[in-house]
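Remarks on the overall topology
Okay, here's what each chain looks like letter by letter:
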Amino acid sequence: MFGVLFAVAFVNHADPAVFPRPQEMRYVNGPAAFVLDEKTAVVDPSGQFYFLDDMLKRAAMLDLRTVKKPPGHNFIRFSNGPLPAGGYTLKVTDKSVSVTYGDRAGAFYAVQTLRQLLPPQIESARRIPANWEIPAVEIKDWPRFPWRGMHLDVSRHFFKVGYIKKFIDYLAMHKMNTFHWHLVDDGGWRQESKRFPKLTEVGAWRADTGEIWPGGAWNMGDLEFPGKGTGKKLYGGFYTQKDIRDIVKYAKERHVTVVPEIEMPGHALPALVAYPKLGCQNTAAAGLPRTNVFCVGNDKTLAFLEDILDETIGLFTSKFIHIGADEVWKGFWKNCPRCQARIKAEGLKDEDELQSWFVRRMERHLWKRRRRLIGWDEILEGGLAPGAAVMSWRGIDGGIAAARAGHDVVMSPTSHCYFDYSYATTSTEKAYSYEPVPAELNASEAKHVLGAQANVWTEYIATNQRVDEMIFPRMLGIAEGVWTMRKRRHVDDFKRRLDAYYEWLDIMGTAYY
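The structure displayed is predicted, hence computed values, not measured ones.

Taken N-terminus to C-terminus, the directions of helix α8 (residues 299–315) and helix α11 (residues 351–368) make an angle of 40°; their axes are 11 Å apart at the nearest point. What the angle tells us is that α8 and α11 run oblique. As α8 runs across α11, the sense of the crossing is right-handed. Along the contact surface, α8 presents Leu302, Leu305, Glu306, Leu309, Asp310 and Ile313, while α11 presents Trp357, Phe358, Arg361, Met362, His365 and Leu366.

For an α-helix the count is 3.6 residues per turn, leaving residues at separations of three or four pointing the same way. Over its 18 residues, helix α18 (residues 491–508) extends 25 Å from the first C-alpha to the last, a length consistent with the 26 Å expected when each residue adds 1.5 Å. Ala500 marks where α18 bends most, by close to 35°. Buried positions along α18 lie against α3 (104–117), α4 (161–173), α14 (428–433) and α17 (474–483). Positive backbone phi, at 75°, marks Gly509, one or two positions downstream of α18.

Once that is clear, we can look at the nonpolar core. Counting residues in hydrophobic clusters, the biggest one holds 153 residues, and the most contacted among them are Leu56, Met150, Leu152, Ile164, Phe179, Trp181 and Ile471. Both domain 1 (24–141) and domain 2 (147–508) contribute no fewer than three residues apiece to this core. If we ignore the near neighbours within four places in the chain, the residues touching Ile164 are Leu152, Val154, Phe159, Phe179, Trp181, Tyr239 and Ile247. With twelve residues, the next largest nonpolar core counts Ile374, Val410, Tyr418 and Trp457 among its residues.

On to the sheet that holds strand β7 (residues 96–101), then. With mixed pairing, the seven strands of this open sheet are ordered in space as β1-β9-β6-β7-β5-β3-β4. Both outer strands of the open sheet, β1 (24–27) and β4 (65–66), are each paired with one neighbouring strand and no more. As paired strands, strand β6 (residues 88–92) and β7 are joined by five bridges and run antiparallel to one another. Residue pairing across strands places Val92 opposite Val97, the latter belonging to β7. Contacting β1, β5 (75–80), β6, β7 and β9 (137–141), α3 crosses the sheet at an angle of about 35° to β6.

Right, let's talk about unusual backbone geometry for a bit. Looking along the chain, the bond that leaves Phe19 and enters Pro20 is cis, with omega of 0°. Looking at the secondary structure, you find Pro20 in the loop between α1 (2–6) and β1. In this chain, Met264 is followed by Pro265 through a cis amide linkage whose omega measures 0°. With respect to the helices, strands and loops of the structure, Pro265 is situated in the loop between β16 (257–264) and α7 (269–274). With a phi close to 55°, Met61 is a non-glycine residue in the positive phi region. Position of Met61 relative to the elements: it lies in the loop between α2 (50–59) and β4.

Running from N to C, α4 and helix α16 (residues 464–471) point in directions that differ by 15°, and their axes come no closer than 11 Å. The pairing of α4 with α16 is recorded here as roughly parallel in orientation. The two elements α4 and α16 cross, and the hand of that crossing is right-handed. Residues Tyr163, Lys166, Phe167 and Tyr170 of α4 form the contact with α16, whose own contacting residues are Asn464, Val467, Asp468 and Ile471. Across the contact of α4 with α16, the residue classes tally to five nonpolar, one polar and two charged.

Domain parsing of the protein yields domain 1 (24–141) and domain 2 (147–508). For domain 1 versus domain 2, the separation of C-alpha centres amounts to 37 Å. In this complex, domain 1 contributes 22 residues to the contact, which on the side of domain 2 involves 16 residues. Between domain 1 and domain 2 the total buried area reaches about 1,600 Å² when both faces are included, carbon and sulfur atoms providing 60% of it.

On to the pattern of salt bridges. This structure, assessed with the given rule, holds 35 salt bridges. Across the pair Glu469 and Arg466 runs a salt bridge, and its minimum N-O distance is 3.0 Å. One end of the pair is Glu469 and the other is Arg466, both in helix α16 and three residues apart, which spans about a single turn. Looking at Arg466, the relative accessible area reads 37%, which means it is partly exposed. What you see here is one network of salt bridges that share partners, running through Lys330, Asp352, Asp377, Glu381 and Arg394.

Here we take up the sheet that holds strand β21 (residues 449–456). Strand pairing in a sheet is mediated by backbone hydrogen bonds. Such pairs are either parallel or antiparallel. Strand order around the closed barrel formed by eight strands is β10-β11-β16-β17-β18-β19-β20-β21, with parallel pairing between neighbours. Geometrically, the sheet is characterised by an average inter-axis angle of 30° between neighbouring strands, direction not taken into account. Looking at chain direction, β16 and strand β17 (residues 320–324) are connected through two bridges and run parallel. Across the sheet, Met264 pairs through a bridge with Gly324, a residue of β17.

Here we come to the state of the cysteines. Applying the stated criterion to the full structure yields zero disulfides. Left without a disulfide partner, Cys280 is nearest to the cysteine sulfur of Cys339, which lies 3.8 Å away. Judged by its relative accessible area of 11%, Cys280 falls in the buried class.

With that settled, the discussion passes to the pairing of β7. The side chains of a regular strand alternate between both faces of the sheet. Note: β5 against β7, six bridges, orientation parallel. Paired with Phe75 across the bridge in β7 is Ser96. Between the antiparallel neighbours β6 and β7 lie three residues.

Criteria and thresholds
- Residues numbered from 1 in each chain as written.
- Predicted model: local features only at pLDDT ≥ 70, side-chain atom pairs only at ≥ 80, totals over all residues.
- Heavy atoms only, no water.
- Axes fitted to C-alpha atoms, helices over the stretch in contact; angles between N-to-C directions.
- Helix = DSSP H or I, 4+ residues; strand = E, 2+ residues; numbered from the N terminus.
- Parallel < 35°, antiparallel > 145°, perpendicular 65-115°, else oblique.
- Left-handed = near helix turned anticlockwise from the far one by under 90°.
- Contact = heavy atoms within 4.5 Å.
- Expected span 1.5 Å × (residues − 1).
- Bend = angle between axes of the 7 residues up to and from the residue.
- Core = buried A, V, L, I, M, F, W, Y, C linked by side-chain atoms within 4.5 Å.
- Buried < 20%, exposed > 50% of the residue type's maximum accessible area, 1.4 Å probe, protein only.
- Domains from an automatic or database assignment.
- Pairing = 2+ DSSP bridges.
- Nonpolar A, V, L, I, M, F, W, Y, C, P; charged D, E, K, R; others polar.
- Buried area = accessible area lost by both parts, 1.4 Å probe.
- Salt bridge = Lys/Arg side-chain N within 4 Å of Asp/Glu carboxyl O.
- Disulfide = S-S within 2.5 Å.

Below you can see the structure in the form of structure tokens.
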């Protein structure tokens, strides 16, 4: 009966701006609504209602009372029940709000749905008049995928702790649960290292060229890390280990896992400026002015990288550690005597197999510490480490190959999921249309698709406002694609809800396209 009613749920009502769309949702007969007032009581053994309670205190000046047992009416009650991970049910009448949750994450997601069923004024930072009521609805909801992610590159441009937390808030509000934090790249090293302090003393600060790159475009050859005390104006920053632990804790409270990315063996320019001996020999023969690739023929370099991974593991609680491993210019290895000696000693065929050997070594190192390696789809080249997961970005072929080989996959193709691309290239509707499971996979292979994520690369994105403009409203499309079952998604319905959602963003003070 519930599923039948779903099809006609919105005939007599305007669609609420709930993102992502719940799996099943219908209005209870009639125009009834639950009205919140100063007498509303809350029963919440989950401990998750506090988030909405704080918003109600701020925007509505309502301080709801917490009780152990609900009164006869005018209450919000949370109860634990046998539901899937992240799942919840919600029943709203004119007398009460009843939430059943499978786990604390499910309770939190129910709170986010209640938040979006309220008037958009709930997002106000100060008291604002509104009808503080929730429409009478019944909802059954649960996540489709376990990996529902957004990525932010903080190397090319640095973003302060306050904005990182705001970015995590965006994820949590839309039931996304993975923040892929791109901490290391050619633009700067952003994670404090106690063992190797020059990584941030030197590698976190590049010569400031403003928002205009010397060569007219982002180019590794134009990046300088002169060090402090040179008199040059510097750009950059880094996150202290205290900052990182604080952000990880903040995200965990919002049921978001922070997955760090420490690029290796390529995209390592700041580290190699800070510690030049970690690079290859004979780099001039590779035809580039300098190297951004670690020398994997050098045992000291391998020890350095394993030490960095150990430091990273000490800061992050995520099951996965991302090592990047994309766009490695193997010409450095081809001309490096130590790397060639490694190829010979290990019985490898070529530099592709050398990269595979390196990834396998890092994968073993992480596995012994009960973590899993994930990398961009280049880690397939030369053979994939047995426990590694693949993030497929160069189209979907890498994800298909990995899933067919029995490896877990996160889909993130440039075609739909790169939010540094213009809206002319990747429109909101195109982002919404993305289906994470490739049609080429059978049911058994499709189980290896953990989910999908959208990426924000910041070569040309320098400010908080610009990030917001590039992710909103496209982020809502990806959020719905990884939460809502495919058969429940309809683009016209999405557009109707989106039209109402801009008021929310305005009140939040969030920029959008």
